[in-house]
Amino acid sequence: MRLLSKKDSRLILDPLADNNPITIQVLGVCSALAITAQLKPSIVMAISVIFVLGIGNVVISLLRNIIPSKIRIIVQLIIVAALVIMVDQVLKAFAYTLSKELSVFIGLIITNCIIMGRFEAFALGNGPWRSFLDGVGNALGYGVILIIVGFFRELLGSGTLFGFKVLGDSVEKTGLYAIGYENNGFMVLPPMALIVVGIIIWVQRSRNKELIEEH
Amino acid sequence: MAINTDKNSYTILFAVIMVLVVGSLLAGFASGLKPRILANERFEKQQNILYTLGVNNNEGPNDVEFISTDIVEAEFKKYITRQIVIEGDKETDNDQAYLIDIKKEAKKAKKSDYTRRLPLFIGEINGKEIYVVPVRGKGLWDAIWGFIAMDKTMTIHGVYFDHKGETPGLGAVINQRFFMDDFAGESFMLNGSFKGITVTKGNNDPKNLDKTDQEVDALAGATITGDGLSAMLKKDIKMYLPYFKKLNER
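Summarised in this report is the structure supplied together with it. If you're wondering where the values come from, they're calculated on a predicted model, not measured in any experiment.

1. Concerning the overall build of chain B
Here is step 1 of the chain: In terms of regular secondary structure, chain B is built from six helices and 10 strands.
Here is step 2 of the chain: Referenced to the eigenvectors of the C-alpha coordinate spread, the extents of chain B come out at roughly 80 × 45 × 45 Å.
Here is step 3 of the chain: The buried share among the 250 residues of chain B stands at 46%.
Here is step 4 of the chain: Each charge sign in chain B was given a centre, from 33 positive and 34 negative side chains, and these centres are 7 Å apart.

Spelled out as structure tokens, the structure:
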């Protein structure tokens with residue numbers, strides 16, 4: 001027996017490419033711009049969102065039949081905020097260093113539009129297991145873009161990856177810098193993230209013509 | 001069983017129950033974990049102070065590794081020989097001085113009748129007395145703070161900076177070695193008067209070999225964090241100036 005039925009595995013795989021939350025639905029771009037100047041925070045953020053969206057989707061899905069539709073957005077917001085705060089408190093008590101690392105992300109996760117988007121569009125109408133898969137899938141799709149953007153911004157902006165000087169030392173002029181290469185300071189600034197995301201969208205659409213809207 | 005979730009009474013009931021459940025859950029979490037969180041924060045302060053003295057677990061050139069929380073209290077007692085609180089001209093020994101909340105002190109000091117309590121920690125490294133002071137200021141998004149260790153001529157021995165919510169990869173890198181290490185050897189004093197240390201662009205000294213320029217090379221994409229850091233150093237270190245003057249006259 002397969003672990004996931006064909007329908008279920010689409011829930012995970014679709015958001016990775018053809019229905020990616022960032023490049024196709026253009027959700028969650030704010031955090032994709034804010035924290036991708038380096039690779040490490042991008043990965044930390046991706047993991048945090050996988051965690052919160054997976055669990056949040058399950059909670060919403062379990063409550064989907066008793067949530068009053070008039071105040072559903074408020075309920076969703078409270079659930080994601082409570083979840084994130086609880087995780088933050090537990091980390092502060094038992095894994096202090098990790099919680100320091102995550103400090104900025106905690107607030108950013110709550111406001112991430114992908115999370116509210118998936119609660120609203122999927123978890124309110126589907127069972128817990130499918131909602132969990134959908135949450136993890138969308139968070140992965142988000143994470144993949146974050147990591148790609150983080151990779152290029154850190155490599156071209158600072159000449160490093162995870163803080164390691166992969167292109168040589170820009171001050172000592174070794175490696176690539178010895179032949180006149182310079183870091184592009186613009187890469188570390190947020191506008192460049194938008195341009196990198198734009199390039200990813202362009203590449204994706206030129207490879208898959210079905211994604212191009214007719215106008 | 002289908003519930004009519006559209007009824008107003010149901011909506012209100014749901015909202016009330018949800019607030020009660022979530023509220024008590026969060027309150028329970030917060031109060032249950034508080035002792036552990038406070039202990040962690042205390043250890044962190046001790047780790048930060050010891051870090052500026054050079055007591056840390058750094059191995060590689062990019063490491064910022066504190067000593068382990070199991071031994072930090074014993075090590076803190078070993079290295080920090082005196083903790084004093086400065087109030088105006090008065091200095092009192094107080095071995096809880098590191099717990100003084102300088103954010104609250106700064107707030108209280110705005111009232112004219114309050115003399116701000118300034119904590120100072122004296123440690124001994126290689127037979128030399130090192131003075132560690134806390135600083136706190138504003139970055140781009142939120143608070144930044146740190147500890148500055150210096151000798152009695154106000155030349156920096158080591159620093160540790162941290163932040164609450166600076167942008168990851170930009171302002172947030174103030175707690176990285178390549179930035180913090182630049183401060184060692186710089187002095188707050190120039191020809192006998194207080195000048196501070198400025199984080200600046202275009203000082204033409206990216207390796208920071210010039211230790212007499214009172215300048216440290218700025219971070220790309222973090223101008224406001226850097227400016228906030230310079231202002232924090234000028235303002236908070238200056239408050240300790242009378243103490244250091246007295247120290248040098250002795």
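2. What to know about the pattern of salt bridges
Here is step 1 of the chain: Enumeration according to the criterion identifies 14 salt bridges over all chains in this entry.
Here is step 2 of the chain: Across the salt bridge formed by Asp134(A) and Arg118(A), the nearest N and O atoms sit 2.9 Å from each other. Separated by 16 residues along the polypeptide, Asp134(A) in helix H7 (residues 128–158) and Arg118(A) in helix H6 (residues 113–121) bring together distant segments of the chain.
Here is step 3 of the chain: Between Lys246(B) and Glu91(B) there is a salt bridge; the shortest N-O distance is 3.0 Å. With Lys246(B) in helix H6 (residues 241–249) and Glu91(B) in strand E2 (residues 90–93), the pair connects residues that are 155 residues apart, well separated along the chain.
Here is step 4 of the chain: In this structure Lys246(B) comes out as partly exposed when scored by relative accessible area, which is 32%.
Here is step 5 of the chain: Overall, Glu91(B) belongs to the partly exposed group, its relative accessible area being 25%.

3. Section: the side chain of Thr200(B)
Here is step 1 of the chain: Turning to its location among the elements, Thr200(B) is positioned in strand E9 (residues 198–200).
Here is step 2 of the chain: When neighbours within four sequence positions are excluded, Thr200(B) is seen to be in contact with Glu215(B), Val216(B), Asp217(B) and Ala218(B).

4. Describing the state of the cysteines
Here is step 1 of the chain: By the definition in use, this model includes zero disulfides over all chains.
Here is step 2 of the chain: Free cysteine Cys30(A): the closest other cysteine sulfur is in Cys113(A), separated by 4.1 Å.

5. Focus on helix H8 (residues 190–207) of chain A
Residues and elements named next belong to chain A.
Here is step 1 of the chain: For H8, built from 18 residues, the straight-helix expectation of 26 Å at 1.5 Å per residue is met to within 8% by its first-to-last C-alpha distance of 26 Å.
Here is step 2 of the chain: Inspection of H8 places Met192, Ala193, Val196, Val197, Ile200, Gln204 and Arg205 among the buried residues, and these make up the whole buried set.
Here is step 3 of the chain: Taken together, the buried residues of H8 touch helix H2 (29–34) and H7.

What counts and how
- Residues numbered from 1 in each chain as written.
- Chains lettered and ligands numbered in written order.
- Predicted model: local features only at pLDDT ≥ 70, side-chain atom pairs only at ≥ 80, totals over all residues.
- Heavy atoms only, no water.
- Helix = DSSP H or I, 4+ residues; strand = E, 2+ residues; numbered from the N terminus.
- Buried < 20%, exposed > 50% of the residue type's maximum accessible area, 1.4 Å probe, protein only.
- Lys, Arg positive; Asp, Glu negative; His and termini not counted.
- Charge placed at Lys NZ, Arg CZ, Asp CG, Glu CD.
- Salt bridge = Lys/Arg side-chain N within 4 Å of Asp/Glu carboxyl O.
- Contact = heavy atoms within 4.5 Å.
- Disulfide = S-S within 2.5 Å.
- Expected span 1.5 Å × (residues − 1).

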